[in-house]
Amino acid sequence: MEFKLIAEYFDRLEKISSRLQLTSLLSDLFHKTDPSLMDKVVYLIQGRLWPDFTGMPELGLGEKFLIKAISMASGVKEEEVEKTYKSVGDLGEVAMRLKSSSKTSSILTFLGGSQTFGSLDVLEVYNELVKIAESSGEGSRDIKIRIFAGLLKKASPLEAKYLVRFVEGRLRLGIGDATVLDALALTFGGSSDYRPIVERAYNLRADLGEIARVIAKEGIEKLKSVIPTPGIPIRPMLAERLSDPAEILDKVGGKALVDYKYDGERAQIHRNKDKVFIFSRRMENITDQYVDVVEYVTRYLKGDDFIVEGEIVPVDPESGEMRPFQELMHRRRKNDIHEAIREYPVNLYLFDLIYYGGKDYTVEPLPARRQKLEEIIAENDKVKIAEHMLTDSVDKLTEYFHQAISEGAEGVMVKSVGPNSVYQAGSRGWLWIKLKKDYQSEMADTVDLVIVGAFYGKGKRGGKFSSLLMAAYNPDKDVFETVCKVASGFSDQELDEMQSKISELKRSERHPRVVSEMVPDVWVTPALVAEIIGAEITISPLHTCCRETGKGGLSIRFPRFIRWRPDKSPEDATTTKEIMEMYSKQYKKVEEKQIDENI
Ligand code: ATP
C-alpha cells in the first residue's frame, strides 16, 4: 500500500469538519486499506505509532531536528528552512514547499522530465518511524535525523508535509476515536447499525488499531466474541451523580451495595502470568509509578490471569489513615521511586473484578463479581476490598455516607445489585451512583473541563498566560464547547506549570474539534483537563455549551480552578449534557427554595 494514498486522504480529511463527511471519507480509506495494515493505518490517523497504554516511546523529534532533516532532504540550507518556517509558521507546509522547489525536482522539470520521487510504502514508513522512536542513548539524535531525512528524501511534497506534521504531533485531522468507530461500522458492517458491536469490542479492549485489524481480517461477527484480555485496558465503567439518598436508592431498585468512594487514583490492575500492568482511569500505563502496588497484587491476590479494579489511596506512613489525593502528585514528582514509596505510602482498595482465568466477568451481576473478588484476595493492611454495606434503608445510607466522609472518603458509591448489574465498560450509567460531600455548595459539583485556549495576563502577570478558555465535551458531535474563562484559584506553582503546559500545546488557529465564539490570545489543542468549581451555572451568550437548546449557551459564574486532572483525557471531561442536567437541577432547587420561603 502506497503512503501516497494516506497523504492524499489526510489532505482531504483536514479540509472538512462535518462528522458525517469525515466518517464517509475515512470509510473510503479503510476500503482501500490492506487488512494486514489496518492497525497501523488507524494508529497513523490517531497521530501515534501505538496505543498510549503500551508505554512505548514517542517519536521525540523536536523543531530543530526537523529543520535539520528538511534541510538534508531538500538540499536547502538550514538557515533558509528556518527563514521559510518563520514566514509560513508550519513546518509541514515548509517541507512541502521546499520539496516542490528543491534542486533535483527543478532540474528534472527543466530537462522536461516530470517530478519523480521514490515511492514510499506504508509499511516502510511505519517501520522507519518505529526505528526513530526506538533509538535511544548516545548518538540517537543523529540516527533519528538521518532516518527521517531518508524518508523525506523519498517523499513527494504532499507526503513530506504529512510526515513532518505526524512526527511533530500536529496532524490536524479532527478525528476522535468516536469517528473511527463510526467509520469501522460503516466499512465492515455496511451501516451505522453495527456501531454498537464495534463499540462494545472497543470498550472491552481499548486498542482501536487492534479492533480495526480484527474486523478487517476476520469480519464484524468476530468482534462479538471479543472479551477482555490482560494487558489491554478496558474502558472504565462510570457513575451517575445524584444528591438525594432516597432518590438514589429508588434509582437502583431499592436495595444497594454501598461502597466508600475513595479519593485516590483509579487503578485497573491486570495480571498476565508474571507480568502485572496498572492502567489509570484514562488508560495510561502507570505500572512504574506503583511498584509497591505491583508487589501487593502478586503477593495477596490468588492466580495469574485476571483483571481487577480499585482505588490507590495515599495513607499516612505512621497512622495508615487516608490522606488527601494531592499526596499522590507529590509522590509522582519524586525522582527516586523507593524514597517516594517510603514517604508517600499507598493502600489499594479493590471494588470490582472484570476478568478471571479466561472468563469474562463483565457480563456477571455485581454480587457475583464481588464474591469472586472475595475468594481471591488475602486481605491485609495494604490491600482490602472497599469498605461496604448492603442496605435498603435511606437512613442507613445517609448515616453511612457521613461515616465515610468522617473517615476521609469523598462520599459513597451506591451500586445496583439487581440481576442486570453488569459491568458497563465505557459508559456512565445508573447502575452506579455517586453521592459526594461537595453537593452542599450552590453549584452541585465540580466539573472537569478541557483547556481550548489561553489569554495573556495584565499587570503583574503581564506577558504570561493567566486565564484559560475551558470547554465541555459533546459526545454526540465529538466536539468541545466552551463553558467559561477561568482566571482564579491558581497557586504560583500552578501558574508556572501552566506556562509550559500551554506553550507545548498552543496553536495559531482553532482546533477543528473546538466550537467557540470567544477568540483567545492563543488556541490550545484539547488535551489538558482541569477541575473547576463555580458559584452557579448560568445562561450566557458568550459560550457555546448546549447552545442548540435555544436559550443561549451555558456558562459557569465565578469559576475557580481547583486542580489539574492528569488522570482524565479530554473525552473524559464533563459532558455538555451533564452541564445541562446540573443547570436544570439547580433551577429546580432555586424554585423549591422560593416556594419554601413563600410558605
Ligand atoms: P470524580 O470526578 O467524582 O472522581 P469521575 O468522573 O472521575 O468522578 P465517576 O465515575 O464519576 O468518575 O466517579 C467514580 C470514580 O470514583 C471512579 O473513577 C473511581 O476512581 C472512584 N472510586 C472511588 N471509590 C470507588 C468505589 N468504591 N467504586 C467505584 N469507584 C470508586
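Here the structure is a predicted model, which means the values were calculated and not measured.

### Let's talk about the overall build of the protein chain
Helix and strand content of the protein chain: 22 helices and 21 strands. At 26 Å, the protein chain has a C-alpha radius of gyration in line with the 25 Å of a compact globule built from 599 residues. Taken over the C-alpha atoms alone, the protein chain extends approximately 90 × 55 × 55 Å along its principal axes. Here the protein chain, with 599 residues, has 54% of them falling under the buried criterion. Once local pairs closer than 6 in sequence are excluded, the contacts in the protein chain between residues at least 24 apart make up 71%. Carbon and sulfur atoms make up 50% of the accessible area of the protein chain, which amounts to about 27,000 Å² in all. Across the protein chain, the centroid of the 86 positively charged side chains sits 4 Å from that of the 95 negatively charged ones.

### Some thoughts on the side chain of Ser 135
Relative to the helices and strands, Ser 135 resides in the loop between helix H8 (122–134) and helix H9 (140–154). According to the relative accessible area criterion, Ser 135 is buried, its value standing at 14%. One polar contact links the side chain of Ser 135 to the main-chain carbonyl oxygen of Ile 132, over a distance of 3.3 Å. Setting aside chain neighbours within four positions, we find Ser 135 in contact with Ser 140, Ile 143 and Lys 144.

### A closer look at the packing of helix H11 (residues 177–189) against helix H13 (residues 208–218)
Running from amino to carboxyl end, H11 crosses H13 at an angle of 5°, the nearest separation of the two axes being 11 Å. By the angle class used here, H11 and H13 are roughly parallel. Where H11 approaches H13, its residues Asp 177, Val 180, Leu 181, Leu 184 and Phe 188 are matched on the opposing element by Leu 208, Ala 212, Ile 215 and Ala 216. Here the contact of H11 with H13 is composed, by residue class, of 8 nonpolar, no polar and 1 charged.

### Quick notes on the nonpolar core
Judged by nonpolar contacts, the single largest core of 79 residues is most densely connected at Leu 129 and Phe 148. It is H8 that provides the largest number of residues to this core, a total of 7 residues. Beyond its immediate stretch of four places on either side in the chain, Leu 129 contacts Leu 44, Leu 49, Leu 59, Phe 148, Leu 151, Phe 166 and Val 167. Met 322, Phe 401, Ala 409 and Ile 433 belong to the second-largest nonpolar core, a separate cluster that totals 35 residues.

### Some words on unusual backbone geometry
Although it is not a glycine, Met 283 sits at a positive phi angle of roughly 70°. Phi at Asp 478 takes a positive value of approximately 60°, unusual for a residue other than glycine. Positionally, Asp 478 belongs in the loop between strand E13 (465–474) and strand E14 (479–486).

### Topic: the pattern of salt bridges
Applying the stated rule across the entire model yields 47 salt bridges. Across the salt bridge formed by Glu 218 and Lys 222, the nearest N and O atoms sit 3.8 Å from each other. Glu 218 sits in the partly exposed class, given a relative accessible area of 46%. Asp 496 is paired through a salt bridge with Lys 464; the nearest N and O atoms lie 3.9 Å apart. One end of the pair, Asp 496, is in helix H21 (residues 492–505); the other, Lys 464, is in the loop between strand E12 (447–456) and E13, and 32 residues separate them in sequence.

### Examining the side chain of Glu 265
By secondary structure assignment, the location of Glu 265 is in strand E3 (residues 265–272). A distance of 2.7 Å separates a polar atom in the side chain of Glu 265 from a polar atom in the side chain of Tyr 290. Dropping the residues within four chain positions of it, Glu 265 is found in contact with Ser 280, Ile 286, Gln 289, Tyr 290, Gly 310, Glu 311, Ile 312, Leu 328 and Arg 332.

### Details of the packing of helix H2 (residues 19–32) against helix H3 (residues 38–45)
Axis separation between H2 and H3 bottoms out at 10 Å; the angle between their running directions is 150°. The angle between the axes of H2 and H3 places the two elements in the roughly antiparallel class. Taken as a pair, H2 and H3 cross one another with a handedness that is right-handed. Between H2 and H3, the contacting residues are Leu 26, Leu 29 and Phe 30 on the first element and Met 38, Val 41, Val 42 and Ile 45 on the second. Residues belonging to the contact of H2 with H3 are distributed by class as follows: 7 nonpolar, no polar and no charged.

### Description of the pairing of strand E4 (residues 275–279)
For E4, the buried fraction is high: 4 of the 5 residues fall into the buried class. Here E3 pairs with E4 via 5 bridges, running antiparallel. Bridge pairing in E4 places Asn 272 opposite Lys 275.

### Describing the UniProt feature "binding site: ATP" (unreviewed entry) in the protein chain
The positions UniProt marks with the feature "binding site: ATP" (unreviewed entry) are Asp 259, Arg 266, Arg 281, Glu 311, Phe 351, Arg 428 and Lys 434. Examined against the element boundaries, Arg 428 turns out to sit in strand E11 (residues 428–436). The exposure class of Arg 428 is partly exposed, given its relative accessible area of 28%. Contact partners of Arg 428, with chain neighbours within four places excluded, come to Leu 238, Ala 239, Glu 240, Arg 281, Lys 434 and Glu 578. Within the local environment of Arg 428, its side chain forms a polar contact with the backbone oxygen of Ala 239, the two atoms lying 2.7 Å apart.

### Quick look at the site of the ligand
Of all residues adjacent to the ligand, which total 19 residues, the nearest are Glu 311, Lys 415, Lys 434, Lys 436 and Lys 568. Contacts to the ligand include Tyr 260, whose backbone N or O atom sits 3.0 Å from a nitrogen atom. In this structure, a nitrogen atom belonging to the ligand sits 2.8 Å away from a side-chain N or O atom of Lys 415. Alone, the ligand offers 600 Å² of accessible surface; in the complex the protein occludes 95% of this. When contributions to the shell around the ligand are tallied by element, the ones reaching two or more residues are strand E1 (238–241), strand E2 (256–261), strand E10 (411–416) and E11.

### Focus on a negative patch on the surface
A cluster of acidic residues, Glu 321, Glu 374, Glu 379, Glu 387 and Glu 407, forms a negative patch on the protein surface. Within the fold, Glu 374 resides in helix H19 (residues 366–376).

### Here we look at the domain arrangement of the protein chain
With domains assigned, the protein chain is organised as domain 1 (48–168), domain 2 (238–439) and domain 3 (446–588). Placing the centre of domain 1 and that of domain 2 at their C-alpha centroids yields a distance of 46 Å.

### Observations regarding helix H10 (residues 157–168)
Over its 12 residues, H10 extends 17 Å from the first C-alpha to the last, a length consistent with the 16 Å expected when each residue adds 1.5 Å. H10 sits mainly inside the fold: 11 of its 12 residues count as buried. Within H10 the residues assigned to the buried category are Pro 157, Glu 159, Ala 160, Lys 161, Tyr 162, Leu 163, Val 164, Arg 165, Phe 166, Val 167 and Glu 168. Close packing links the buried residues of H10 with helix H1 (3–14), H3, helix H4 (63–74), helix H6 (91–100), H8 and H9. Following H10 by one or two positions, Gly 169 adopts a phi angle in the positive range, close to 75°.

Reading the values: rules and limits
- Residues numbered from 1 in each chain as written.
- Predicted model: local features only at pLDDT ≥ 70, side-chain atom pairs only at ≥ 80, totals over all residues.
- Heavy atoms only, no water.
- Helix = DSSP H or I, 4+ residues; strand = E, 2+ residues; numbered from the N terminus.
- Rg over C-alpha atoms; globule rule 2.2 N^0.38 Å.
- Buried < 20%, exposed > 50% of the residue type's maximum accessible area, 1.4 Å probe, protein only.
- Contact = heavy atoms within 4.5 Å.
- Areas by Shrake-Rupley, 256 points an atom, 1.4 Å probe, with all protein chains shown as cover.
- Lys, Arg positive; Asp, Glu negative; His and termini not counted.
- Charge placed at Lys NZ, Arg CZ, Asp CG, Glu CD.
- Polar contact = N/O pair within 3.5 Å; in protein donor to acceptor, adjacent residues only side chain to side chain.
- Axes fitted to C-alpha atoms, helices over the stretch in contact; angles between N-to-C directions.
- Parallel < 35°, antiparallel > 145°, perpendicular 65-115°, else oblique.
- Nonpolar A, V, L, I, M, F, W, Y, C, P; charged D, E, K, R; others polar.
- Core = buried A, V, L, I, M, F, W, Y, C linked by side-chain atoms within 4.5 Å.
- Salt bridge = Lys/Arg side-chain N within 4 Å of Asp/Glu carboxyl O.
- Left-handed = near helix turned anticlockwise from the far one by under 90°.
- Pairing = 2+ DSSP bridges.
- UniProt positions renumbered as here; feature names shortened; annotations may be inferred.
- Near = heavy atom within 4 Å.
- Patch = residues over 30% accessible without salt bridge, like charges linked within 9 Å, V, L, I, M, F, W, Y side chains within 5 Å.
- Domains from an automatic or database assignment.
- Expected span 1.5 Å × (residues − 1).

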